[in-house]
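Here's the letter readout for the chains.
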Amino acid sequence: MFNKKLRQSIGFKFLIIVSAILLASTVVISTLIAINERAMLRYSLINKGNGLASYITKLSKDPLVVKDRIELDIIVNQAIKDEEVLYAVIQDTSGNLLTSQYASIDYRWPGVRNIVSALPRDSKLKDIIATMKMQAGVIEIFTPITSDADTIGKVTLGLSEHKINQQVVKTIIFIIALNLVVMFIIGAALFVASKKLILDPITELVHATTRFAKGELTTRVEIKTTGEMLALVESFNLMMEDLGKAIISKENELAWRKQAENKLREGRRQLKAILDNIPAIAWLKDKESRLVAVNEPFGKSCGFNPKDLVGKTDLDIWPRDLAEKYRADDKEVMESGKRKQVEEPLTDSKGKALWIETIKTPIYDEQGNFVGTAGIARDITKRRKAEESLKETLESLRKAVGTTIQVMVSAIEVRDPYTAGHQLRSTDLARAIATEMELSQDTIDAIRMAGPIHDIGKLSIPAEILSKPTKLTNNEFDLIKEHPRTGFEILKDVKSPWPLAEIIYQHHERMDGSGYPRNLKGDEILMEARILAVADVVEAIASHRPYRAALGLNAALEEIERNKGTLYDADVVDACLRLFLEKEFHLQRPGF
Amino acid sequence: MNRIKIQGLVILIALVSMINPLCLEALAEKRIGVLLWSEELRYIETKNGITEQLGKEGFGEPAVKLTIENAGGSKAKLADITQKFAKAKMDLIIAIGTTATIAVAREIKNVPIVFSMVYDPVEVNIARNWKSSGNNTTGTSSQVPVSKIMETLKRFAPAKRLAVLYTPAEKNSIVQLKKLLRVQSDYQIEVVPVPLTNSEEVALILPEVIRTVDAIYLSGSSIVGKTISMIVDLATKAKVVTITHLDDLVSKRVLLGVCANSYAVGRMAARKAVKVLKGAKPSSIPIETLNNFDLIINIKTARAGQFNIPPSFMKSVTKVME
């Protein structure tokens, strides 16, 4: 009958409820009135009978008016004009009827006519009334007629039960009709009022909510109302505003997050590009040494798709022996918490043996908990090979230089046996000092190579000057002072792993700059040169010279101790003194 | 010559001065109010009898000023007219019909009232007795002795039950009923009173009445007047005799009429009015009825109802209506 939407609307329900209540109240009221109406009607008819009786009483006291029964006829004839009265008769105390047939019976009604017309034409009023009482529902009301406290007769009203009921029904119908009208008016008024006060605002709220839900965030309820509804509408609008703002900020947040995610993705892409582009393999492992992420080169190195490697362990990828070694490394990094850098072998997917340099670093979360390891490994096979070949070259060079120096030493020995001895002995001391000072093998080697030929520049000095037992002239001494430079000139083009020419050039320089030929000082002087300088002086003073006798070791040590820190390097002097005084070192000619 | 002229002039002046007061008195306009209860034919005829007789006796217009009013059967209108006549300072009021007479007699005491067509002025308390009213009224009655009606009915057919149609609100009608009730045992005819309070209920009550009686008496009732053709039709079909004392009803097809001639009753009333106008006191003038009555038969109705009219009865009929 009505569509679903209408049936579910508040207005419809309200209307139905109001109608039901009013209808129910109408039924209740009508029933009550019906019961009351019957009683009222009976009461009013009894009153009528009483009225008639008292009227007759009054008339009977007035001889001018009542002269005969016609007056009584006229009275009852008036009484029967009432709807419910079928007949009205007056009887005397003996029971004789005083009124006549046509005055007493209401012939206007078909029911009465039907009954009467079936009777014999000369029927008496008494018989007619008896028949009516039998055939029609008649209620009789008797009222005594009194005069001066004496009963002089009685009025009998014959009432039609049917007509009384009809009258009651009529009244009920009238009341129901009236109630319906009132109900309709009240209902309409209630509906209009509630529509204006409640339903319209609610409908508008519903519409506003729908609009809001569809995305009209600025939608507001704009209706004229008062009281609680106004408060509701206002708080609804306030709520809408807050909600709108919240949604907008949420949307902004989402947009911002999306942007952040884009940035993150972009960053990751960039990172991946970087990672994939570096000529090294890189990975991340979790605590159980499972791969979390790898770069492209990693995949290439083992022959897997990088995506397929996630979740795998070294055991799944590499030959067993290598895998276990890697896992051991991981374990070490995890346990130590330190970065580990190792060079290790690797057999790639094509079975090619490689060398890699691996750096593994522990990774921690923000709380400092260990979460895994990051690793990077680069192919160092080429470097490794280069290093090996360099080593070989160096070794061969060393051998070549050694041979050359041996040749030079032999040459010097032939020409100047003193100097040759001096050179070998001071070399031995210098090597011992360097060893005492725990210097590198390379430094020691440099001393060993440079030492035996450190005075090679003296080859250009005439032998008579060198072996002159008298004091040298200034010119002669200047000539001698040139020998480090000459030595440098001789050796400068010799290919050597050590700075032999420079050591030789500096071996007469002093820490305070008082040496020659370039007056170098302090750190300008190579450590090899400083050591060689001390060893040279000690050997020179302690040994015999063509131009003087040997001054003795003690003199030599005094000399260096006295000039320690000024002419000579303090550490070198200390080491030298320790050799002689504590470790029983003896100057001797070393062998190659 | 001059003397004769002067003498003649003096005589003329003397004559004129002698005649003048007489002339003024004779020419003084008498104002007469005539009041009819309704437009029923008998009342109209009565009025005609009155005006014609007044004219014959020198009290016709323009000698007197007649104000004729008709209440049309309405008591309200009747009261209005009565008030109007009371204020108009009439010299004489002529009332036609019992109801009209009662109203005027109760209200107006200082103006002579001559009534007509009042069935029984004593019964309805207009007059103290038939010889002298004892007040400002006198008049004529249309009364037909009920004995004459009962006799006529007996002579026509052997009736046992006679219904009397009456209107409780109209005294005239009730008086006729009461008179019949008093004589019913003398003629061994049961009188059945049938009150009619409005025209609408006549059709509902009458069939049952007709079923239970042999004859119907039609009293002077305005409701009977209005519904007479229906009453007669129903009765005639059932072969029920209809009888009345009102001649106008016979002209409306009532079968039998024992009637005082309305016109004659009017003329009789007019003669009494003239006496009053000439100075007689109303109370000194006796109230009278006619001595001779018409026996009228409506032959059309008789034929329609196929009534057997005894030849002896037909001989006594004075008037036959077609």
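Only a predicted model underlies this, so the values are computations on that prediction, with no experimental measurement involved.

What follows covers the overall build of chain B. Looking only at helices and strands, one finds 12 helices and 13 strands in chain B. Taking all 322 residues of chain B together, the buried fraction comes to 49%. For chain B, restricting intrachain contacts to residue pairs at least 6 apart in sequence, the fraction spanning at least 24 positions comes to 72%.

Let us now look at the overall build of chain A. Within chain A, the secondary structure is distributed over 22 helices and eight strands. For chain A, long-range pairs separated by at least 24 residues make up 56% of all intrachain contacts whose partners lie at least 6 apart in sequence.

Quick look at the interface of chain A and chain B now. Facing the 16 residues of chain A at the interface are 17 residues of chain B. Those elements giving two or more residues to the side of chain A that touches chain B turn out to be α3 (69–79), α4 (101–104) and α5 (110–117) of chain A. Here the side of chain A that touches chain B gets four residues from one element, more than from any other, and that element is α3(A). Its residues assigned to classes, the side of chain A that touches chain B shows six nonpolar, four polar and six charged.

Bringing the sheet that holds strand β2 (residues 138–147) of chain A into the picture now. Residues and elements named next belong to chain A. Pairing within the open sheet is antiparallel, and its three strands lie in the order β1-β3-β2. Only two strands of the sheet have a single neighbouring strand rather than two, namely β1 (85–92) and β2. When the angles between neighbouring strand axes are averaged without regard to direction, this sheet yields 20 degrees. With seven bridges joining them, β1 and strand β3 (residues 150–160) adopt antiparallel strand pairing. By the bridge assignment, Asp 92 is partnered in β3 with Gly 153. Packing of helix α6 (residues 125–135) onto the sheet brings it into contact with β1, β2 and β3, and relative to β1 it is tilted by some 135 degrees.

Here we come to α3(A). The α-helix advances 3.6 residues per turn, and as a result positions three or four apart in sequence lie on the same side. Most of α3(A) sits inside the fold, with eight of its 11 residues counted as buried. Within α3(A), burial applies to Ile70(A), Leu72(A), Asp73(A), Ile74(A), Ile75(A), Val76(A), Asn77(A) and Ala79(A).

All names here are of chain A. Taken N-terminus to C-terminus, the directions of helix α14 (residues 417–436) and helix α20 (residues 527–542) make an angle of 130 degrees; their axes are 8 Å apart at the nearest point. Between α14 and α20, the angle falls in the class oblique. Here α14 and α20 pass one another in a crossing that is right-handed. Residues His 422, Arg 425, Ser 426, Leu 429, Ala 430, Ile 433 and Ala 434 of α14 form the contact with α20, whose own contacting residues are Ile 531, Leu 532, Val 534, Ala 535, Asp 536, Val 538, Glu 539 and Ala 540. Tallied by class, the residues present in the contact of α14 with α20 amount to 10 nonpolar, two polar and three charged.

A few words on the sheet that holds strand β7 (residues 353–364) of chain A. Residue and element names in this part refer to chain A. Strand order in this open sheet of five strands is β5-β4-β8-β7-β6, and the pairing throughout is antiparallel. Strand pairing shows two members of the sheet lacking a second neighbour, β5 (291–294) and β6 (340–347), which therefore form its edges. Taken over all neighbouring pairs, the strand axes of this sheet differ in orientation by 25 degrees on average, direction set aside. Bridge count between strand β4 (residues 280–286) and strand β8 (residues 370–379): seven bridges; the pairing is antiparallel. Paired with Trp 283 across the bridge in β8 is Gly 375.

Let us look at the pairing of strand β6 (residues 161–166) of chain B. Residue and element names in this part refer to chain B. Of all six residues in β6, five are buried, a share of seventy percent or more. One ladder, built from six bridges, connects β6 with strand β7 (residues 190–195); its direction is parallel. By the bridge assignment for β7, Tyr 166 is matched with Pro 195. You can see the chain leave β6, run along helix α6 (residues 171–187) and come back into β7, and the turn it takes is right-handed.

Right, let's talk about the environment of His544(A) for a bit. Looking at the element boundaries, His544(A) is found in the loop between α20 and α21 (553–562). Taking the C-alpha atoms as reference points, His544(A) and Tyr418(A), separated by 126 residues in sequence, lie 8.7 Å from one another.

Ranked by internal contacts, the top residues of the largest apolar core, which has 121 residues, are Leu35(B), Ile94(B), Leu162(B) and Val164(B). No other element matches the seven residues that helix α10 (residues 262–277) of chain B contributes to this core. Sequence-distant contacts of Ile94(B), defined by excluding residues within four places in its chain, comprise Ile32(B), Val34(B), Ile50(B), Val114(B), Ser116(B), Ala269(B) and Ala273(B). Within the second largest apolar cluster, 44 residues are counted, among which are Ile456(A), Tyr505(A), Ala542(A) and Val572(A).

Another aspect to go through is the environment of Ile198(A). Tracing the sequence through the fold places Ile198(A) in helix α7 (residues 161–213). By the C-beta count within 10 Å, which is 16 here, Ile198(A) ends up partly exposed.

Before going further, it helps to examine the packing of α14(A) against helix α15 (residues 441–450) of chain A. Each pair of packed helices can be summarised by the angle the axes make with each other and by the distance between the axes. Residues and elements named next belong to chain A. Two elements in contact, α14 and α15, have axes whose closest approach is 9 Å; the angle formed by their N-to-C orientations is 170 degrees. As the angle between them shows, α14 and α15 are arranged roughly antiparallel. Contacts from Thr 427, Ala 430, Arg 431, Ala 434 and Thr 435 of α14 reach α15 at Thr 443, Ile 444, Ile 447 and Arg 448. Partitioned by chemical class, the residues of the contact of α14 with α15 number four nonpolar, three polar and two charged.

As a further point, take the confidence of the model for chain A. Looking at chain A, the pLDDT average stands at 82 and 96% of residues meet or exceed 70. Model confidence for chain A, summarised as mean pLDDT per element, is weakest for helix α1 (residues 4–8) of chain A at 70 and strongest for α4(A) at 90.

Further remarks concern unusual backbone geometry. For the bond from Tyr516(A) to Pro517(A), the omega torsion is 10 degrees, close enough to zero to count as cis. Put simply, Glu61(B) and Pro62(B) share a cis peptide bond, and its omega is 5 degrees. By secondary structure assignment, the location of Pro62(B) is in the loop between α2 (41–56) and β2 (64–70). With a phi close to 55 degrees, Asn519(A) is a non-glycine residue in the positive phi region.

What follows concerns the pairing of strand β10 (residues 256–259) of chain B. All names here are of chain B. Judged by which residues are buried, β10 turns out to be covered on both faces: Leu 256 and Val 258 on one side and Gly 257 and Cys 259 on the other are all buried. The pairing of strand β9 (residues 241–244) with β10 spans two bridges and is parallel. Within β10, the residue paired with Ile 243 across the bridge is Leu 256. In this sheet, strand β12 (residues 294–298) lies alongside β10 in antiparallel orientation, the contact comprising four bridges. Each residue of the ladder has a partner; that of Val 258, found in β12, is Leu 295.

Once that is clear, we can look at helix α5 (residues 146–156) of chain B. Turning to α5(B), its buried residues number three or more, namely Val146(B), Ile149(B), Met150(B), Thr152(B), Leu153(B) and Phe156(B). Looking straight down α5(B), one finds its buried side chains confined to an arc of 160 degrees; they lie on one side.

What follows covers the environment of Gln184(B). Residues and elements named next belong to chain B. As for its placement among the helices and strands, Gln 184 is situated in helix α6. In the structure, Gln 184 is positioned 22 residues away from Leu 162 in sequence and 9.2 Å away in space, judged by C-alpha atoms. Not counting the four nearest positions on each side in its chain, Gln 184 is found in contact with Ile 189, Glu 190 and Val 191.

The next point concerns the confidence of the model for chain B. All names here are of chain B. Across chain B, the average pLDDT comes to 88, with 91% of residues at 70 or higher. In this model, residues 19–27 is a region of pLDDT below 50 whose contacts with residues beyond four sequence positions or in other chains number zero contacts. At the level of chain-chain contacts, confidence expressed as ipTM amounts to 0.70, with global pTM at 0.50.

Parameters and conventions
- Residues numbered from 1 in each chain as written.
- Chains lettered and ligands numbered in written order.
- Predicted model: local features only at pLDDT ≥ 70, side-chain atom pairs only at ≥ 80, totals over all residues.
- Helix = DSSP H or I, 4+ residues; strand = E, 2+ residues; numbered from the N terminus.
- Buried ≥ 20, exposed ≤ 12 C-beta atoms within 10 Å, placed from the backbone.
- Contact = placed C-beta atoms within 7 Å.
- Nonpolar A, V, L, I, M, F, W, Y, C, P; charged D, E, K, R; others polar.
- Pairing = 2+ DSSP bridges.
- Axes fitted to C-alpha atoms, helices over the stretch in contact; angles between N-to-C directions.
- Parallel < 35°, antiparallel > 145°, perpendicular 65-115°, else oblique.
- Left-handed = near helix turned anticlockwise from the far one by under 90°.
- Right-handed = clockwise from strand over helix to strand, strands pointing away.
- Core = buried A, V, L, I, M, F, W, Y, C linked by C-beta atoms within 7 Å.
- pLDDT = per-residue confidence, 0-100.
- Arc of directions from axis to C-beta.

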